[in-house]
Amino acid sequence: MNIDRSRRIWMLIFICLLCLLVASEVISLMMRDDTDLSVEEEGRTGLSKAFTSLGGDHTVSKVLTSPALLLEEEDPSRTLFISIGPQREYTATEVHTLDKFYRRGGKLLLADDTGRINSLSGRFDITIIPGQLYDETFEGHPDLVKIDDIDLDLFTGFLLLNRPSSLIFSSGQGIIRSSPASWVDRNGNGVMDNLTSAQGEAPGPRYIAAITDPDPSSTEQGNVVVLSDPSIFMNDMIDRADNMDLFLSLVRFLLPDGGKVVFDESVHSTTGIPGLVQRGSSIPLLLITDVNLKIVVGTFITITLFAFAYLQEPPAVHRHVSVLDRTGVAEIVDPGLYDGDITEMRKVFLDRVRVAYGMSSEAFSGLTWDELGSMIDNDTLYDFARSGSLKKGIDLNNIIVGVSTWARA
Amino acid sequence: MSGFSSRAIGYSSASIVLIVLSVVMSSRLFLIGGLLCLAVMLLSFSFIPARPRIERDVERNQIFESETLDVGVRVDTRQSMGNLEIYDRISPGLEVRDSSNCAMLPPGKRFFRYEIEAPLRGYHPLGPTSVRRWDPMWLWFLEEEIDNTEQLTVFPSMEARRAKEMLVLRAKQRPGEMRLRRVGMGKEFHSIRDYTPSDPFNTINWKATARTGKLLVNQFEAESVTDIMFLLDARMVTRVGTMVDNPLERSIRFIASVTAGLLQTSNRVGLIIYGSTVSVFKPMGGPSALPTILHTLTNVTPSGYNTLGATVSYSLSYLDPNVPVIMFSPLSEDPTIKEAVKNLIGRGHPLTIISPSGVEFERGVYLGKLTPKYLLKRLSRENLLTDLHSMGARVLDWTPDMDLTRALEEVWG
């Protein structure tokens, strides 16, 4: 039928589009190969030096699948989460989880120059401004911006930045900033222009690092440091100027009594077996994490309820049902013979004898047992007719066969 | 009433899953997919066809068993979007022979037809028609029933021609109207008997009533060729076998065939039916008799456990003396049969017992298997038939393999 055919075609198109959609997302997730700023990367763009530089009081680990695992952290106040140069944005779930981690006393060190981390840092009122920061003080190349004379409680020295960006914050405090001659190339043309607009490139000091204010009402609240240049910690840059000192100082500042340092590798694609584990388990892990688990369970229940409602009362299939093939039984409801049938069988047999001899009921009832015995001429049947019960070794089936084959001698 | 299809669950599940995934994975693509899916569903929901006008065309409303009938259904609705699922209900006692009584149609002026066969007598309803108005994607529907029920009367099948041939052959010795010394609806006085509720008032013998203190009526001599009284067992036990072929249906077909033949040869036919109640139809003739008897037979339903003994006791006052009685019964599950037969024969009614074998029909249900219980019941039946025969009744053991024509020949041939 045409309707059926068109229905099938639409269905097929729908399923194909759905599969395409899911496949494209999954494949894009699986095929990603961004090892820059990964602790697994030992080349100049990797973070292996920073990773191996920690030791002593600190236990160093990395999270491959999702930072949502931090929910299981038993002592957040002695745990530092480090995310440097994430290659993707954090999902709502991850942001929610890290926020929870922070509120339980967790420490975070975030560094990014692209704005990808804003979904997370925005929770702490700190925002990375995309656009390269230029300064009059640089070393060899305008991309390598130099920040001199940093004098903080936690760090003293100078830094060499690599194509940094800047950040703004509405709470907390800036800890490192560029010189008043610096400017941000917001439109990416490499020229200081667009000086008039609010989002302009006018020169002035820009913040490179900021730290959240401790909450006086909460003893458990954590601490977050955000840097607008992740590449100062990469292998090629960490040994220049006092970059390594800054890194170690920040770790010491955030974990003064030592503790656990967790590098977030879920935002970088790793290779080899860890990569496989990372790709294979990230989506399922996300689905069962914290609030997602509730969402997924809720979804599952909703769909199950839909399905149950459907199965409970599915639309009746319109089909003519005929009752003409129905059968009925009355006398042979059970085809076998049982003890309850003995009386009837005896009566049937006696009637059979009477009818065979053409006798009336009255005449037949006047017979003696001997006369009846000679008429029946069969010991088994005679015993049955006389006693109305079955002798040992004889069952009703024997009797019925005997009765049905019995004939007048 | 409304409902939804499994497809709707699929679409809604897909949209929910996509939206959830989009939230979990922060994926705009999933969000777009989920919302698109939802939008398509909602859009489809808004295109439901208007309530259609439905008319059924049936060429006849009275047929005989085994005949077929064309049924046409006209559907008219104005809206062009969506789908219609039309289901023209018919009685479960009918069969759809050709095409289907269910149709999936696009809206507009449409027509579909189907052919039904009526293997079983009865008053069968055609309708109501169930209409499901679906959205264009067959996701959900609104269902309603349009009450356009009609009644199809299916009379029992008749082999009237063969019956008439045999009856004419037998009646040749005394053709035409003749006066019989029997009670009937003639003009010559025959005797006085007790009043029964069905007697007309003008037959009451007021003098005799005044003399005796109880209502008495005059009986007159019959002027037709023959009066025959059929005694039909319509108890629940007559339903053994299949719906179409069982002792009751066989008996009814036999009676219908013979009745038509008898009435065509100017005889009168009466009918006693017992089951849950006892119904007596006094002998009748003329052109209106056949439709009356056919309708009566069409309406018979197997039910109840009345005995033959009670039936005969109740109906004897309705039976004119010496009227031949033809009894149809499987003779099962009734301990009063012998007494009743003795009673009838003792009153001078020539009795023919046509007994469709209940145990044989039941054996058919067990695919012909020879079971111990069957053997017992068969022996019991054989004894009973022999006894009834020896009482003076003419007995026909009608087994399932003996068709109606042969049974007719056995009785009248």
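Residues numbered from 1 in each chain as written. Chains lettered and ligands numbered in written order. Predicted model: local features only at pLDDT ≥ 70, side-chain atom pairs only at ≥ 80, totals over all residues.

Bringing the overall build of chain A into the picture now. For chain A, the count of helices and strands is twelve helices and 15 strands. Residues classed as buried in chain A amount to 33% of the 409 residues present. (Helix = DSSP H or I, 4+ residues; strand = E, 2+ residues; numbered from the N terminus. Buried ≥ 20, exposed ≤ 12 C-beta atoms within 10 Å, placed from the backbone.)

Secondary structure assignment for chain B yields eleven helices and 20 strands. Taken over 413 residues, chain B has a buried fraction of 43%. Sequence separation of at least 24 residues holds for 74% of the intrachain contacts in chain B that already meet a minimum separation of 6. (Contact = placed C-beta atoms within 7 Å.)

What follows concerns the interface of chain B and chain A. Residue-level contacts link 61 residues of chain B with 53 residues of chain A. Residue classes in the side of chain B that touches chain A are distributed as 32 nonpolar, 21 polar and eight charged. Sheet topology places strand β15 (residues 327–328) of chain A next to strand β15 (residues 241–242) of chain B; two bridges connect them, and they run antiparallel. Considered in β15 of chain B, the bridge of glycine 328 of chain A is made with glycine 241 of chain B. (Nonpolar A, V, L, I, M, F, W, Y, C, P; charged D, E, K, R; others polar. Pairing = 2+ DSSP bridges.)

Another aspect to go through is the sheet that holds strand β16 (residues 268–274) of chain B. Adjacent strands of a sheet form backbone hydrogen bonds with each other and so pair up, either parallel or antiparallel. Residues and elements named next belong to chain B. As summarised here, the arrangement of the six strands in space is β17-β16-β14-β18-β19-β20, forming an open sheet in which the pairing is mixed. Either end of the sheet is taken by a strand with one partner, and the two such strands are β17 (278–284) and β20 (394–398). Shown here is a sheet whose adjacent strand axes are inclined to one another by a mean of 15°, direction ignored. Strand direction decides the pairing type here: strand β14 (residues 227–233) and strand β18 (residues 325–328), joined by four bridges, are parallel. Its bridge partner being in β18, leucine 231 is matched across the sheet by methionine 327. Where helix α7 (residues 308–315) meets the sheet, its contacts fall on β16 and β17, and the angle it forms with β17 comes to roughly 45°. (Axes fitted to C-alpha atoms, helices over the stretch in contact; angles between N-to-C directions.)

Core analysis: the largest hydrophobic core is formed by 71 residues, its most contacted members being Phe230, Leu231, Leu232 and Ile255 of chain B. With nine residues, helix α5 (residues 247–264) of chain B is the largest single contributor of residues to this core. Mapped onto the domain boundaries, this core takes at least three residues apiece from domain 2 (53–155) and domain 3 (160–176 + 226–412) of chain B. Ranked by size, the runner-up nonpolar core spans 62 residues in total, among them Phe155, Val224, Phe233 and Ile238 of chain A. (Core = buried A, V, L, I, M, F, W, Y, C linked by C-beta atoms within 7 Å. Domains from an automatic or database assignment.)

The predicted model of chain A has a mean per-residue pLDDT of 85, with 91% of residues at 70 or higher. Helix α6 (residues 272–287) of chain A is the least confidently modelled element of chain A, averaging 69 in pLDDT, while strand β3 (residues 107–111) of chain A averages 94, the highest of any element. (pLDDT = per-residue confidence, 0-100.)

To continue, consider the packing of α7 of chain B against helix α8 (residues 337–346) of chain B. Residue and element names in this part refer to chain B. Viewed as axis vectors pointing N to C, α7 and α8 meet at an angle of 25°, and their least axial separation amounts to 7 Å. If you check the angle between α7 and α8, you find them roughly parallel. Side by side, α7 and α8 meet where Leu308, Gly309 and Val312 of the first sit next to Ile337, Glu339, Ala340, Asn343 and Leu344 of the second. Partitioning the contact of α7 with α8 into residue classes produces five nonpolar, two polar and one charged. (Parallel < 35°, antiparallel > 145°, perpendicular 65-115°, else oblique.)

It is worth spelling out the pairing of strand β19 (residues 351–356) of chain B at this point. Most of β19 of chain B is tucked away: five of the six residues are buried. In this region the chain leaves β18 of chain B, passes through α8 of chain B and returns to the parallel neighbour β19 of chain B; the handedness of that crossover is right-handed. (Right-handed = clockwise from strand over helix to strand, strands pointing away.)

As a further point, take the sheet that holds strand β7 (residues 141–151) of chain A. All names here are of chain A. Pairing is antiparallel in the open sheet, where three strands are placed in the order β6-β7-β8. Each end of this open sheet is capped by a strand with a single partner; those strands are β6 (138–139) and β8 (156–162). Sheet analysis places β6 next to β7, joined by two bridges and oriented antiparallel. By the bridge assignment, glutamate 139 is partnered in β7 with histidine 141.

Moving on, we get to unusual backbone geometry. Residue and element names in this part refer to chain B. A cis amide bond links glycine 127 to the next residue, proline 128, at an omega of 0°. Mapped onto the secondary structure, proline 128 falls in strand β9 (residues 122–134). Positive phi, close to 65°, is recorded for serine 99, a residue that is not glycine. Positionally, serine 99 belongs in the loop between β6 (95–98) and β7 (102–105). Given 14 C-beta atoms within a 10 Å radius, serine 99 is considered partly exposed. Look at leucine 367: it is not a glycine, yet its phi comes out positive at around 60°. Of note, leucine 367 is situated in the loop between α9 (358–365) and α10 (372–390).

Attention now goes to α5 of chain B. Residue and element names in this part refer to chain B. With 18 residues, α5 should cover 26 Å at 1.5 Å per step; its first-to-last C-alpha distance of 26 Å lies within 8% of that length. In terms of residue burial, α5 counts as a mostly covered element, since 17 of its 18 residues are buried. Count one or two residues on from α5 and you reach serine 266, which has phi positive near 60°. (Expected span 1.5 Å × (residues − 1).)

Another point: the packing of α5 of chain B against helix α11 (residues 404–412) of chain B. All names here are of chain B. It is the contact of α5 with α11, at a shortest axis distance of 11 Å, that shows an interaxial angle of 60°. The chirality of how α5 crosses α11 is right-handed. Between α5, through Arg253, Phe254 and Ser257, and α11, the contact on the second element is made entirely by Leu404, Ala407 and Leu408. The class makeup of the residues in the contact of α5 with α11 is four nonpolar, one polar and one charged. (Left-handed = near helix turned anticlockwise from the far one by under 90°.)

On to the confidence of the model for chain B. The predicted model of chain B has a mean per-residue pLDDT of 87, with 91% of residues at 70 or higher. In the model, residues 171–181 of chain B has pLDDT below 50 throughout and makes nine contacts with residues more than four positions away in sequence or in other chains.

Moving on, we get to the environment of valine 359 of chain B. Residues and elements named next belong to chain B. Within the secondary structure, valine 359 sits in helix α9. For valine 359, a count of 26 C-beta atoms within 10 Å corresponds to the buried category. Residues valine 359 and glycine 241 lie 118 residues apart in sequence; the distance between their C-alpha atoms is 9.0 Å.

It is worth spelling out the environment of glutamine 151 of chain B at this point. Residue and element names in this part refer to chain B. Considering the arrangement of structural elements, one finds glutamine 151 in strand β11 (residues 150–155). For the pair formed by glutamine 151 and glycine 122, sequence separation is 29 residues and the distance between their alpha carbons is 9.9 Å. With residues up to four places along the chain from it excluded, the contact list for glutamine 151 reads Asn61, Tyr123 and Pro125.

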